[in-house]
Amino acid sequence: MSPPGKKRSRATLADRERPPAKFAKSKIQEEEESMMPTAKERNSKPGQSGTGKATRKEARPSAQGSKQAYSHWLMKSEPESRFEKGVDVKFGIEDLKAQPNQTACWDGVRNYQARNFMRDMKVGQEAFFYHSNCKEPGIAGIIKIVKEAYPDHTQFDKKDPHYDSSSTKENPKWSMVDVQFVRLTKRFIPLSELKAHHQAQRASGGPLKDMTLFTRQRLSIQPLTDEEFEFVLSLEEKQS
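So, how was this worked out
Residues numbered from 1 in each chain as written. Predicted model: local features only at pLDDT ≥ 70, side-chain atom pairs only at ≥ 80, totals over all residues. Heavy atoms only, no water. Helix = DSSP H or I, 4+ residues; strand = E, 2+ residues; numbered from the N terminus. Buried < 20%, exposed > 50% of the residue type's maximum accessible area, 1.4 Å probe, protein only. Contact = heavy atoms within 4.5 Å. Pairing = 2+ DSSP bridges. Core = buried A, V, L, I, M, F, W, Y, C linked by side-chain atoms within 4.5 Å. Phe/Tyr/Trp six-rings, centres within 6.5 Å; stacked < 30°, edge-to-face > 60°. Lys NZ or Arg CZ within 6 Å of the ring centre and 35° of its normal. Polar contact = N/O pair within 3.5 Å; in protein donor to acceptor, adjacent residues only side chain to side chain. Salt bridge = Lys/Arg side-chain N within 4 Å of Asp/Glu carboxyl O.

Trainee: What is the right way to read the overall build of the protein chain from this model?
Mentor: Along the protein chain, the regular secondary structure elements total seven helices and ten strands. Across the 240 residues of the protein chain, 52% fall into the buried class. In the protein chain, 72% of the contacts between residues at least 6 apart in sequence involve partners at least 24 apart.

Trainee: Sorry if this is basic, but what is going on with the environment of Tyr130 here?
Mentor: Of note, Tyr130 is situated in strand β7 (residues 126-131). In this structure, the C-alpha to C-alpha distance between Tyr130 and Ser220, residues 90 residues apart in sequence, is 9.0 Å. Tyr130 has contacts with Leu74, Met75, Lys76, Ser77, Pro137, Gly138, Ile139, Leu191 and Leu213, leaving out every residue within four places of it along the chain.

Trainee: What is the right way to read the pairing of β7 from this model?
Mentor: Looking along a regular strand, one sees the side chains alternate between the two faces of the sheet. Burial within β7 is extensive, with five of its six residues counted as buried. Sheet analysis places strand β3 (residues 72-77) next to β7, joined by six bridges and oriented parallel. By the bridge assignment for β7, Lys76 is matched with Tyr130. In this structure, β7 lies alongside strand β8 (residues 138-151), joined through six bridges in antiparallel fashion. When the sheet's bridge partners are listed, Ala127 is paired in β8 with Ile143.

Trainee: Before we go on, may I ask you to explain the nonpolar core in this structure?
Mentor: Formed by 23 residues in total, the largest nonpolar core has its most connected members in Met75, Trp106 and Ile221. When contributions to this core are tallied by element, the ones reaching two or more residues are β3, α3 (93-97), α4 (112-120), β7, β8 and β9 (175-190). The next biggest cluster of nonpolar side chains, apart from the first, holds 17 residues, and it includes Ile142, Ile189, Leu213 and Leu233.

Trainee: When you look at the packing of aromatic side chains in this model, what are you seeing that I'm missing?
Mentor: One pair of aromatic rings is described through two measures. These are the centre distance and the angle between the planes. This structure, assessed with the given rule, holds five aromatic pairs. Centroid distance Tyr112 to Trp174: 4.7 Å. Interplanar angle 40 degrees. Geometry classified as tilted. Of this pair, Tyr112 sits in helix α4 while Trp174 sits in the loop between β8 and β9, placing them 62 residues apart in sequence. In this structure, Tyr112 and Trp174 share a single accessibility class: buried. Here Phe128 and Phe229 contribute two aromatic rings whose centre-to-centre distance is 4.6 Å and whose plane-to-plane angle is 20 degrees, an arrangement assigned as stacked. A residue pair is termed long-range when its members are at least 10 positions apart, and Phe128 in strand β7 and Phe229 in helix α7 (residues 226-235) qualify at 101 residues. Across this residue pair, the class does not change: Phe128 and Phe229 are buried. An aromatic cluster is built from Tyr70, Trp73 and Phe117, whose rings are joined through pairwise contacts. Across the ring face of Tyr150, the terminal group of Lys147 is positioned such that the distance to the ring centre comes to 3.9 Å. Residue placement shows Lys169 over the ring face of Phe156; its charged tip is 5.8 Å from the ring centre.

Trainee: What should I look at first to understand the side chain of Arg187 in this one?
Mentor: Following the sequence through the fold, Arg187 ends up in strand β9. Engagement of the side chain of Arg187 in a polar contact is seen with the backbone oxygen of Leu235, the distance being 2.8 Å.

Trainee: Could you clarify how one ought to interpret the pattern of salt bridges in this entry?
Mentor: Should the charged atoms of two oppositely charged side chains come close, the side chains can pair. Here the structure, examined in full by the defined rule, presents ten salt bridges. Between Arg82 and Glu84 there is a salt bridge whose closest N-O contact spans 2.7 Å. When sorted by exposure, Arg82 lands in the same class as Glu84, which is buried. Through salt bridges with shared partners, one network takes in Glu78, Arg82 and Glu84.

Trainee: How should α4 be read in this particular structure?
Mentor: The α-helix winds at 3.6 residues per turn, so residues separated by three or four positions along the chain end up facing the same way. The element α4 is extensively covered by neighbouring structure, given that nine of its nine residues are classed as buried. Between a side-chain oxygen at the N-terminus of α4 and the backbone nitrogen of Gln113 the separation is 3.0 Å; the capping residue is Asn111.

Below, the structure is given as structure tokens:
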């Protein structure tokens, strides 16, 4: 995620289609590559449904009944410095707050499923800002979508860590949205706490029993059901 003119990526370490040549493939990256799309999915444009959109059995169908609909999201970013090709990809929620109008674009996503989720986002929808790949991962605040999916400029920039030589301006492969800071959560909600609820509810039932954070944990863009969002939001009122 970066404001116009700045090259700061919002993709997390796990959200890469393929690793840079100088790095060996990690288990995380191999898991992401196992979900590579078909040629049809690769060429789909923003606004097209395509067959590449991930679905979840518990998601609510839309009015048309042909597509899963979500209105809340979880979006991961890295609050600690990490350099890729000389570019620091650090961008925590405090960095978003410091941007003009507390708004920035969510760029650098290079996973097709995560990209397709972004293409489903609508203006006004809210997401949890999740700190990832850091000492204590977890939910730091709430953001909202203020501009729907459009081409990610970093895919065309040869100096950017997320440059993609196979993408063209006529048929861009990668998209981004603009997000705006809403507020910090009343307390930081750590991954460990969310995991404890998820594990308990897998046995007894509950909103987090099938939460994507644990079933598709490598994705940097994740959908949330209304029930999941409200339950997680209720945790900020409780002591950990």
